[in-house]
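Commentary on secondary and tertiary structure
Next come the chains, spelled out residue by residue.
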Amino acid sequence: PGDQLLMISDGIPEAYNDEGAEFGETRLAELVQESRGMSASELCRAILEEVREFTRGCTQADDLTVVVLDLEPLEA
């Protein structure tokens, strides 16, 4: 209970801002850690909002795809 599966396209960590800096895997990992306890939809929204804030409207060369699943135990 409480586990989540996070899938992203490479466009998330490779999203860049107007200074040419990438969002990066470290920033993504920190965001996910800080977002513990969020639902799948909340985490997905938080990641996309953070990337959009970081990129400040820069046109991206790749897609920004995030899929988050809340994992539930199987019922016997």
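As shown above, the structure is provided for reference.
Here's a quick rundown of the structure.

1. Considerations on the overall build of the protein
In terms of helices and strands, the protein carries two helices and two strands. Tracing the protein from N to C terminus, the helices and strands come up as β-α-α-β. Across its three principal axes, the protein shows a C-alpha extent of roughly 50 × 20 × 15 Å. The burial tally for the protein puts 29% of its 76 residues in the buried class. Total accessible area on the protein stands at roughly 5,300 Å², and carbon and sulfur atoms take up 49% of it. Computed over 5 positive and 18 negative side-chain charges, the inter-centroid distance for the protein is 5 Å.

2. Things to note about the pattern of salt bridges
Following the criterion strictly, the structure yields one salt bridge and no others. With its nearest N and O atoms 3.2 Å apart, the salt bridge here joins R56 to D18. With R56 in the loop between α2 (40–55) and β2 (66–70) and D18 in the loop between β1 (4–8) and α1 (25–34), the pair connects residues that are 38 residues apart, well separated along the chain. Pair check on accessibility: R56 and D18 agree, each one exposed.

3. What to know about the packing of aromatic side chains
All chains considered together, the criterion is met by one aromatic pair. A centroid spacing of 5.5 Å and a plane angle of 80° characterise the contact between F23 and F54, whose relative ring orientation is edge-to-face. Pair noted here: F23 is in the loop between β1 and α1 and F54 is in helix α2, with a separation of 31 residues, a long-range link. The exposure classification of F23 matches that of F54, with both residues buried. It is R27 that lies over the ring of F23; its NZ or CZ is 5.6 Å from the centre.

4. Describing the side chain of S9
Relative to the helices and strands, S9 is located in the loop between β1 and α1. Owing to a relative accessible area of 13%, S9 belongs among the buried residues under this scheme. Contacts of S9, omitting those with residues within four sequence positions, involve D63, L64 and T65.

So, how was this worked out
Residues numbered from 1 in each chain as written. Predicted model: local features only at pLDDT ≥ 70, side-chain atom pairs only at ≥ 80, totals over all residues. Heavy atoms only, no water. Helix = DSSP H or I, 4+ residues; strand = E, 2+ residues; numbered from the N terminus. Buried < 20%, exposed > 50% of the residue type's maximum accessible area, 1.4 Å probe, protein only. Areas by Shrake-Rupley, 256 points an atom, 1.4 Å probe, with all protein chains shown as cover. Lys, Arg positive; Asp, Glu negative; His and termini not counted. Charge placed at Lys NZ, Arg CZ, Asp CG, Glu CD. Salt bridge = Lys/Arg side-chain N within 4 Å of Asp/Glu carboxyl O. Phe/Tyr/Trp six-rings, centres within 6.5 Å; stacked < 30°, edge-to-face > 60°. Lys NZ or Arg CZ within 6 Å of the ring centre and 35° of its normal. Contact = heavy atoms within 4.5 Å.

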